[in-house]
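Coordinate inspection notes
As a plain string of letters, each chain reads:
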Amino acid sequence: MPDRGILIFSYDGSFNGFLSAVFDSFSMKTVPADIVIADDMEPSLLKIHYVETNLEHARRVETGIEKKLGETVLRMVKRAFLFDGEGKENAILRFIRKAFSEGKTTGGKIGDEEVNRIYKMCVAVNNEAERFRQFTRFSDSNGALVAVIHPKHFVLPLIKSFFCARIKNEHFMIFDAEHGAALIHTSGKTAIIPVENLELPETEDCFYSDLWKTYYRRIAIASRYNPTCRRSHMPKRFWQYLPEVQEELESSFVPKLSFGTSAQIAADLRQSHNLLKGENP
Amino acid sequence: MDIMQKLSILAEAAKYDASCSSSGNGRTSDEGFIGAATPSGCCHSFTADGRCISLLKVLMSNACVYDCKYCISRRSNDFPRATFTPRELADLTIEFYRRNYIEGLFLSSAVVGTPDWTMERMIEALRILREEYGFAGYIHAKAIPGADPVLTQRLGLLADRVSVNIELPSEKSLLSLAPDKTKHNILEPMGLIKTGILENREDLTKYRHTPKFVPAGQSTQMIVGASPETDYHILHLTEKLYQKYGLKRVYYSAYVPLQEDALLPSLDTRPPLLREHRLYQADWLLRFYGFEASEIIDPKKPMLHPEVDPKCSWAVSHLDEFPVEVNTADYEMLLRVPGIGVKGAKRIIRARRSQRLDFDALKRLGIVLKRAKFFITCCGKTLQRIPETTESMLWAITSPNRMGGFTDYGMEQLSLFQPVLTGEDVMECLTGEF
Ligand code: SF4
């Protein structure tokens, strides 16, 4: 019984599974010490309640939140669930329970510690999504566009509409290797599906990525060189996706930014073009 | 000449237009086959100097017939020349866009032959993009001063944003440094675009299928540090441009000396980056913080304070208006507190509806108290003893920065005054929180 010993919940990791856990928490009148995904669970002596994913329960919790607590709270719950980090389920459960006891305005109490935790999780998820809108890069593989990403949080649902609006007439796939899922868009239809160990074909899409690298190198202004500023906007962990900084990632590379005056730039341009043509400078 | 060579020459020639530009207009993808411009814009990369790359920024051509002294593409300069065909440019834009390298195109050009001929080529490139490829992404085009008004009109129907560069902050400087351009040539298309936008807005309410004219508005840019104008002059000019021409943005570009000329700063002059940064901060105050140019700068001290940002500088000379109580101050006043930006002020307003805020709550809201603490109270309490005179306040808020000498504008300062990017309308790009 709920009041004896430390109780933890285990669920299947899905959003519906989590909502079922919320349902169980209310119906059992207990707050578990933790909610964990069954697959990640280590053997322990704690008492475990295995939550059964029940769509009916999940739907009741969802409509309950929407009706009683409003859209903002529901949106925060959904957004925070995309967060990837320990203790997220428990934090969301506490937030939901707090909201049920304190009412609709709970979502706005971002000065409150428990609410702030959810708020921060939402911000982290949103920021991560924005980074992947910025730094996802496709390569063309026989006309289809392919990208592989390793986001900290599960951002595919959040970046979906951005890419579908941009390139709606293309066939494209974004593979989240971290969470084993892919966003696939083909013939105007889009889906996020679980994918394990995807073998991607080697693409030879270097014509435009080489042009892009040239462009990137050419637009840097030597006299304004500021690597710290660049890194703060474009942290190193995203560089693996970006063709334009691949060479810099290899530690021996020193960015060539030495040119300064108009005459030097002109000489540099001429030289690099002679090199391209295979002539001696 | 192959496309790689053209791209390197024409990107190189376009880069000294140092504004970071990103899109600022919502266009849905229903309007075409490829592309959608989001209102907030998106930086897809950052240059080695930390500027946001959102648009493919190139010149159509750098084979200029004009001879502006500060410009790398000027006729008398010995520089490799190249010209894109409209098709090449359109293909490059689409292919970069598909791969998520860019949000759109920023097209400018040197004057090839005549202003009209140049504009026609630019228009053709945009026409291919919009009409043949159905591109609905963001396009910013520069109108060429001196071109036929009909062409400016056509350009405006294809682009999201059009800009006409003021180039230099005064007519006198224009005359001496850009002898082929005139104030009239620049202001005429600017006025034309303004009227066009107003008429279009009216038509849009009357007829549903009116094509949009410059839907993202117009902007301009001026070079700072090539000519002797003061910040006082520049900020008042900026204010006038916003008021008179309804501009969306005024860009400042720190002059990077590339050529020797008796009329220009010498080649070893460093680009006045800190000054450019301060001007952008002051510009934010004009556009989003409800300040007027005359509040920000005083004719007796016509340059912005190098050590503190313009908002701080205003606050320390108006200590009688502080401290403000965060639980009751109105939005406008919160915005005037150093350290509280637009985002911060909005968060405070939102949070205080449901609870009284103390300093811990402010911290949780992400408000940086380093400076703000000298200007606010929470429930009547201060966090620290508040200095009473302008001098002691100035000392208190800048003390952590007092390690190095701050006598001139130099690169060393930039590690301390980490320049916020010169981004366009992009909150993420420009934090705007100061
Ligand atoms: S018109 Fe003047 S500023 Fe423009 S490209 Fe020609 S020389 Fe340069």
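Here the structure is a predicted model, which is why all the values come from computation and not from measurement.

**With respect to the overall build of chain A**
What chain A contains, in helices and strands, is 9 helices and 8 strands. Its C-alpha radius of gyration of 25 Å places chain A more than 25% over the 19 Å reference for a compact globule of 281 residues. Referenced to the eigenvectors of the C-alpha coordinate spread, the extents of chain A come out at roughly 85 × 40 × 40 Å. By the burial criterion, 46% of the 281 residues in chain A qualify as buried. In chain A, of all internal contacts separated by at least 6 residues, the share reaching a separation of at least 24 is 66%. Here chain A has roughly 14,200 Å² of accessible surface; of this, 51% comes from carbon and sulfur atoms.

**Describing the overall build of chain B**
Counting its secondary structure elements, chain B contains 16 helices and 10 strands. When each of the 434 residues of chain B is scored for burial, the buried share is 61%. Counting only contacts in chain B whose residues sit at least 6 apart along the sequence, the fraction spanning at least 24 positions is 68%. Working note: accessible area of chain B is about 16,800 Å², and carbon and sulfur atoms make up 54% of it.

**Concerning the environment of Gly-156 of chain B**
All names here are of chain B. Mapped onto the secondary structure, Gly-156 falls in helix α4 (residues 149–158). With 59 residues separating them in the primary sequence, Gly-156 and Pro-215 have C-alpha atoms 8.6 Å apart. Beyond its immediate sequence surroundings of up to four residues, Gly-156 is in contact with Val-162, Lys-212, Phe-213 and Val-214.

**Observations concerning the confidence of the model for chain A**
Overall, the prediction assigns chain A a mean pLDDT of 87, with 92% of residues at 70 or greater. Mean pLDDT across the secondary structure elements of chain A bottoms out at helix α9 (residues 262–277) of chain A, with 75, and peaks at helix α1 (residues 15–27) of chain A, with 95.

**Points about the sheet that holds strand β5 (residues 138–142) of chain B**
Residues and elements named next belong to chain B. If you trace the 6 strands from one edge of the open sheet to the other, you get β3-β4-β5-β6-β7-β8, paired in parallel fashion. Taken across any chain shown, the strands that pair with only one partner, and hence form the sheet edges, are β3 (55–59) and β8 (249–254). Sheet twist, expressed as the mean angle between neighbouring strand axes with direction ignored, is 20°. Where strand β6 (residues 161–163) meets strand β7 (residues 218–224), 2 bridges bridge the pair, whose relative direction is parallel. For Val-162, the partnering residue across the bridge sits in β7 and is Gln-218.

**With respect to the side chain of His-140 of chain B**
Residue and element names in this part refer to chain B. Its place among the elements puts His-140 in strand β5. A relative accessible area of 1% means that His-140 is categorised as buried. Side chain to side chain, His-140 and Ser-163 meet in a polar contact 2.8 Å long. Once residues lying within four places of it in the same chain are set aside, the contact partners of His-140 are Leu-55, Leu-105, Phe-106, Leu-107, Arg-161, Val-162, Ser-163 and Ser-219.

**Here's the deal with the domain arrangement of chain A**
All names here are of chain A. Looking at the assigned domains, one finds that chain A contains domain 1 (7–126), domain 2 (136–194) and domain 3 (207–277). Here the C-alpha centroids of domain 2 and domain 3 sit 28 Å apart. Listed as interface residues are 5 residues of domain 2 and, on the opposing side, 7 residues of domain 3. Summed over both partners, the interface of domain 2 with domain 3 comes to about 490 Å²; 46% of that surface belongs to carbon and sulfur atoms.

**Describing the layout of surface pockets**
All names here are of chain A. Here the second largest pocket defines a volume of roughly 1,100 Å³. Every residue lining the second largest pocket is counted, 36 residues in all, and those nearest its centre are Gly-13, Ile-37, Phe-81, Lys-88 and Glu-89. Elements represented by at least two residues in the lining of the second largest pocket include exactly α1, β2 (34–37), α2 (55–81), α3 (88–102), α5 (156–166) and β8 (189–194). Mapping the lining of the second largest pocket onto the domain boundaries places at least three of its residues in each of domain 1 (7–126) and domain 2 (136–194).

**Focus: the nonpolar core**
With 141 residues, the main nonpolar core has Val-58 and Phe-96 of chain B as its most contacted residues. Per element, the largest residue contribution to this core is 10 residues, and it comes from α2 of chain A. Setting aside anything within four residues of it in sequence, one finds Phe-96 of chain B in contact with Tyr-208, Leu-211 and Trp-212 of chain A together with Leu-7, Leu-56, Tyr-101 and Ile-102 of chain B. Judged by nonpolar contacts, the second largest core, of 63 residues, contains Phe-322, Phe-374, Ile-376 and Ile-397 of chain B.

**So, the packing of α1 of chain A against α2 of chain A**
Residues and elements named next belong to chain A. In contact at an axis separation of 9 Å, α1 and α2 are set at 105° when each is read in the N-to-C sense. What the angle tells us is that α1 and α2 run roughly perpendicular. Residues Phe-15, Asn-16, Phe-18, Leu-19, Ser-20, Val-22, Phe-23 and Asp-24 of α1 pack against Leu-55, His-57, Ala-58, Arg-60, Val-61, Glu-62, Val-77, Lys-78 and Phe-81 of α2. Looking at side-chain class alone, the contact of α1 with α2 contains 10 nonpolar, 3 polar and 4 charged residues.

**Things to note about a negative patch on the surface**
On the surface, Asp-12, Asp-39, Asp-40 and Glu-42 of chain A cluster together to form a negatively charged patch. Mapped onto the elements, Asp-12 of chain A comes out in the loop between β1 (7–11) and α1.

**Re the pairing of strand β6 (residues 172–176) of chain A**
All names here are of chain A. Most of β6 sits out of view: 5 of its 5 residues are buried. Burial along β6 is two-sided: Phe-172, Ile-174 and Asp-176 and Met-173 and Phe-175, pointing in opposite directions, are all buried. The pairing of strand β5 (residues 144–149) with β6 spans 5 bridges and is classified as parallel. Looking at β6, one finds that Val-148 is bridged to Phe-175.

**A look at the state of the cysteines**
All names here are of chain B. As enumerated under the stated definition, the model contains 1 disulfide over all chains in all. The disulfide partner of Cys-43 is Cys-52, and the S-S distance across this bridge is 2.2 Å. Looking down the S-S bond of the Cys-43 and Cys-52 bridge, the torsion is -105°, so its handedness is left-handed. Exposure class is identical for Cys-43 and Cys-52. Each is buried.

**Regarding the interface of chain B and chain A**
Contacts between the two partners involve 71 residues from chain B and, on the opposite side, 67 residues from chain A. A combined buried area of about 6,100 Å² lies between chain B and chain A, and 58% of that area is made up of carbon and sulfur atoms. When the area that chain B buries against chain A is broken down by residue, the three leading residues are Arg-98, Arg-99 and Arg-364 of chain B, summing to 12%. At the surface where chain B touches chain A, the tally comes to 5 salt bridges. The salt bridge involving Arg-98 of chain B is made with Asp-140 of chain A; its shortest N-O contact spans 2.8 Å. Applying the counting rule to chain B against chain A returns 29 residue pairs in polar contact (both at pLDDT 80 or more). Those elements that provide at least two residues to the side of chain B that touches chain A are α1 (3–14), β1 (45–46), β3, α2 (86–98), α8 (273–288), α12 (342–352) and α13 (359–364) of chain B. A per-class count over the side of chain B that touches chain A returns 39 nonpolar, 16 polar and 16 charged.

**Thoughts on helix α6 (residues 183–206) of chain B**
Residues and elements named next belong to chain B. The first and last C-alpha atoms of α6 sit 35 Å apart over 24 residues, in line with the 34 Å expected at 1.5 Å per residue. Turning to α6, its buried residues number three or more, namely Ile-186, Pro-189, Met-190, Ile-193, Gly-196, Ile-197 and Asn-200. Contact partners of the buried residues in α6: α4, β6, α5 (171–177), β7 and α7 (231–245).

**Notes on α1 of chain A**
Residues and elements named next belong to chain A. The first and last C-alpha atoms of α1 sit 18 Å apart over 13 residues, in line with the 18 Å expected at 1.5 Å per residue. Those residues of α1 that fall on the buried side of the exposure criterion are Gly-17, Phe-18, Leu-19, Ser-20, Ala-21, Val-22, Phe-23, Asp-24 and Ser-25. Two residues or fewer after α1 comes Lys-29, characterised by a positive phi angle close to 50°.

Conventions and cut-offs
Residues numbered from 1 in each chain as written. Chains lettered and ligands numbered in written order. Predicted model: local features only at pLDDT ≥ 70, side-chain atom pairs only at ≥ 80, totals over all residues. Heavy atoms only, no water. Helix = DSSP H or I, 4+ residues; strand = E, 2+ residues; numbered from the N terminus. Rg over C-alpha atoms; globule rule 2.2 N^0.38 Å. Buried < 20%, exposed > 50% of the residue type's maximum accessible area, 1.4 Å probe, protein only. Contact = heavy atoms within 4.5 Å. Areas by Shrake-Rupley, 256 points an atom, 1.4 Å probe, with all protein chains shown as cover. pLDDT = per-residue confidence, 0-100. Pairing = 2+ DSSP bridges. Axes fitted to C-alpha atoms, helices over the stretch in contact; angles between N-to-C directions. Polar contact = N/O pair within 3.5 Å; in protein donor to acceptor, adjacent residues only side chain to side chain. Domains from an automatic or database assignment. Buried area = accessible area lost by both parts, 1.4 Å probe. 1 Å grid on protein atoms, 1.4 Å probe; cavity = no way out; pocket = protein on both sides within 12 Å on 5 of 7 lines; lining within 4 Å. Points joined across faces, edges and corners; volume = space filled by probe spheres on them. Core = buried A, V, L, I, M, F, W, Y, C linked by side-chain atoms within 4.5 Å. Parallel < 35°, antiparallel > 145°, perpendicular 65-115°, else oblique. Nonpolar A, V, L, I, M, F, W, Y, C, P; charged D, E, K, R; others polar. Patch = residues over 30% accessible without salt bridge, like charges linked within 9 Å, V, L, I, M, F, W, Y side chains within 5 Å. Salt bridge = Lys/Arg side-chain N within 4 Å of Asp/Glu carboxyl O. Lys, Arg positive; Asp, Glu negative; His and termini not counted. Charge placed at Lys NZ, Arg CZ, Asp CG, Glu CD. Disulfide = S-S within 2.5 Å. Expected span 1.5 Å × (residues − 1).

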